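Inside the fold
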Amino acid sequence: MIASAIYTVLFYAIAAGTILLALAVVNTRKLLRAAVALMGALSTTAGLYAMLDAQFLAGVQVLVYVGGIVVLIVFAIMLTRSGELLEDNPTLKRKLVGAVISIGFLVSSVGAVWGSPFAIASAGKAPANDALMIGKALLDYGPGGFVVPFEVISLLLLAAMLGGIVIARKTPPTGQPFTSGGDLPGEAEVYHPLSQRDDETGGRAS
Amino acid sequence: MTATSLTYFAIAAAQGAFKNVTVSERTAQAFADGSWILAIVYIVVALGGLAALVTLSGLVLIYVERKLAAHFQCRLGPMRVGWHGIFQTVADAVKLLLKEDVIPEKADKAMHLLAPFLSMMATVMVLGVLPYSPILQITDINIGVLFVTAVSGFGVMGILLGGWSSNNKWSMVGAMRAGAQIISYEISATLALLVVVLFSGSLSLAEIVQSQDAGWWIWRANGVGFVSFIIFVIAVTAEINRTPFDIPEGESELAAGFHTEYSGLRFSFFFLAEFINMFVVSGMTATLFLGGWMPFHIGAWAGFNGFMDLIPPVLWFTGKTSVVIFLIMWFRWTFPRLRVDQLMYLEWKVLLPIGFVNLFAAAVVVLYNLYPFPILVP
């Protein structure tokens, strides 16, 4: 009984923390603080997963969101140097449109959650080793397996990665279209990361 | 304790008789038995033990680092405070605690205060899952390896926040460098770590140690283990920002990097986190590749193995960890600091391809059972 009481108290503490942090994300004026609050909200969500015995999901939540997404957001904020949102007084029209859109979103999402029947497996138990089960299900090509979505997602990620590299690269290889146009002709003989590049040719191979 | 009972204890430990009796499980057991006080005592002991470990290993590691640095350079190092200067770090710690804690006027104060705690939190969370001995582990979670990789994200956030909130260009550049470096080298460290996960078939750190009963993965894995050991050591050296990968705090260009604007207690948090991180990554290396608390055994030499079993598992863990720590400290006085482009070249064009090929080779080795000793953990 005491254990379940502790469990309940913990749940409400974490849930309240998640809600407060999520409010802080949208209410703070400083972008970096919003990112930190987002990190807190995502971590407490991981705490909720851990309380549901979904350890793997909790670990991945922290790994992907805290170590990946939030760090990426912080990097973007640092690089763009727009630390503060300076708009103090939005016009009445923008306030009205914003209010309508957010109330509409609230109504539709609450309605969707309210109206859909969730099959709660009240008697079910989480598997003892959920990482093992998830891994098997992800690579299973029989019924109930998810190998096709898994591979499709990896293709999508590969495409996104290639797109990022194409956008970021400064020096296009000669004769290739659709790159952003570099400052040096022909990358292959020019870019030597390990050689000293401070001679007067600007690192150009003679 | 007589030698006989010690031997019995060590053999039982090596056979896994005490497997998975972590402090958290004892707490849960005490709780289920209705003895509140015992459960609370366990929790207090665990927290106090972690605090003691952090403080003590911080003091020892800083002293050892200074002494080793001195002897590598044919100096004596600290000699005045106590015998051969063993109380030097205590004196330094007292000085740091008494110093004024300055917060820059234009700094983002809340973030400035939060950053060192995030760094420290990431470190201490890993200490909670390391198996120090078969009966000494705070908690063993199913996703141990994943957990260790995940919480390092908080460390990155701590450094980035510290750099940004100081409102100082040096801090900012240092934080950006540290962030980019840690994120990059995390990939190689994870690839190397996955090789061990492939061989042991488990993410739990205690089970990974158990799986090395027949031989440590560094040599039992037919070469791929050794390659991933080397990749892992290089990658974690970069992850904890130590020379030759210490451009985030390169003194000659960035003052002190991301912690330029920190002083007093908050600076010592960053400083301590850095040194405990060294203990953490060395402990991880020992756990994954060097058998954790497993004693050193050679095949069927019963006499030799029995003699090795006499040494308690905690000493095995500490010894292996110390060897890796010495290795990392040795790097510092051997290799010059890398430039930013060299750093990225090493990760993305050298370590990453080798890591992928190595992981693939490891998969082949595991799939076709190409390694000499039998697997004990299914």
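Before going into details, it helps to say that this report is about the structure given with it. (Residues numbered from 1 in each chain as written. Chains lettered and ligands numbered in written order. Predicted model: local features only at pLDDT ≥ 70, side-chain atom pairs only at ≥ 80, totals over all residues. Heavy atoms only, no water.)

Once that is clear, we can look at helix α5 (residues 109-127) of chain B. Here α5 of chain B contains 19 residues, and its C-alpha end-to-end distance of 29 Å stays within 8% of the 27 Å for a straight helix at 1.5 Å per residue. All of the buried residues along α5 of chain B are Met111, His112, Ala115, Pro116, Leu118, Ser119, Met120, Ala122, Thr123, Val126 and Leu127 of chain B. Here the buried face of α5 of chain B lies against α2 (31-51) of chain A together with α3 (36-72), α6 (144-165) and α12 (264-289) of chain B. (Helix = DSSP H or I, 4+ residues; strand = E, 2+ residues; numbered from the N terminus. Expected span 1.5 Å × (residues − 1). Buried < 20%, exposed > 50% of the residue type's maximum accessible area, 1.4 Å probe, protein only. Contact = heavy atoms within 4.5 Å.)

Residue and element names in this part refer to chain B. Tallying each qualifying case throughout the model produces five salt bridges over all chains. Note that arginine 332 and glutamate 65 form a salt bridge whose closest N and O atoms lie 3.4 Å from each other. Of the two residues, arginine 332 sits in helix α14 (residues 313-332) while glutamate 65 sits in helix α3, which places them 267 residues apart along the sequence. Using a relative accessible area of 28% as the deciding quantity, one classes arginine 332 as partly exposed. Each of Glu65, Arg242 and Arg332 takes part in a single network of salt bridges with overlapping partners. (Salt bridge = Lys/Arg side-chain N within 4 Å of Asp/Glu carboxyl O.)

All names here are of chain B. In the structure shown here, the tally under the stated rule is 15 aromatic pairs over all chains. A ring pair is formed by tyrosine 132 and phenylalanine 317, whose centres lie 5.4 Å apart and whose planes are at 85 degrees; its orientation type is edge-to-face. With tyrosine 132 in the loop between α5 and α6 and phenylalanine 317 in helix α14, this residue pair connects regions lying 185 residues apart in the sequence. Exposure remark for phenylalanine 317: the relative accessible area of 2% places this residue in the buried category. Considering the side-chain rings of tryptophan 216 and phenylalanine 296, the 5.5 Å spacing of their centres and the 65 degrees angle between planes classify their relative orientation as edge-to-face. You can see tryptophan 216 sitting in the loop between α8 (205-210) and α9 (217-220) and its partner phenylalanine 296 sitting in the loop between α12 and α13 (302-309), a full 80 residues away along the chain. Phenylalanine 296 gets classed as partly exposed once you look at its relative accessible area, which sits at 23%. Through pairs of rings, three or more aromatic residues link up here, namely Phe226, Phe229, Phe232 and Phe289. (Phe/Tyr/Trp six-rings, centres within 6.5 Å; stacked < 30°, edge-to-face > 60°.)

Residues and elements named next belong to chain B. In this structure, Leu127, Phe232 and Leu288 are the most contacted members of the largest nonpolar core, which totals 110 residues. Among the elements that line this core, the one with the most residues is helix α7 (residues 169-200), at 14 residues. Look past the residues within four positions of leucine 127 in its chain and what remains in contact with it is Leu50, Leu53, Val54, Tyr132, Ile138, Ile276, Phe279 and Val280. (Core = buried A, V, L, I, M, F, W, Y, C linked by side-chain atoms within 4.5 Å.)

All names here are of chain A. Orientation of helix α1 (residues 2-27) relative to α2, taken along the N-to-C sense of each, is 155 degrees, at an axis distance of 8 Å. Regarding the angle of α1 to α2, the classification is roughly antiparallel. With respect to the hand of their crossing, α1 and α2 are arranged in left-handed fashion. Only Ala34, Ala37, Leu38, Gly40, Ala41, Thr44, Thr45, Gly47, Leu48 and Met51 of α2 make contact with α1, whose side of the interface consists of Tyr7, Leu10, Phe11, Ile14, Thr18, Leu21, Ala22, Ala24 and Val25. Across the contact of α1 with α2, the residue classes break down as 14 nonpolar, five polar and no charged. (Axes fitted to C-alpha atoms, helices over the stretch in contact; angles between N-to-C directions. Parallel < 35°, antiparallel > 145°, perpendicular 65-115°, else oblique. Left-handed = near helix turned anticlockwise from the far one by under 90°. Nonpolar A, V, L, I, M, F, W, Y, C, P; charged D, E, K, R; others polar.)

With that settled, the discussion passes to the side chain of histidine 112 of chain B. Residues and elements named next belong to chain B. Along the polypeptide, histidine 112 turns up in helix α5. On the accessibility criterion, histidine 112 (1% relative accessible area) is buried. Histidine 112 has contacts with Val102, Ile103, Pro104, Ala107, Ser165, Ser166, Glu261, Tyr262 and Arg266, leaving out every residue within four places of it along the chain.

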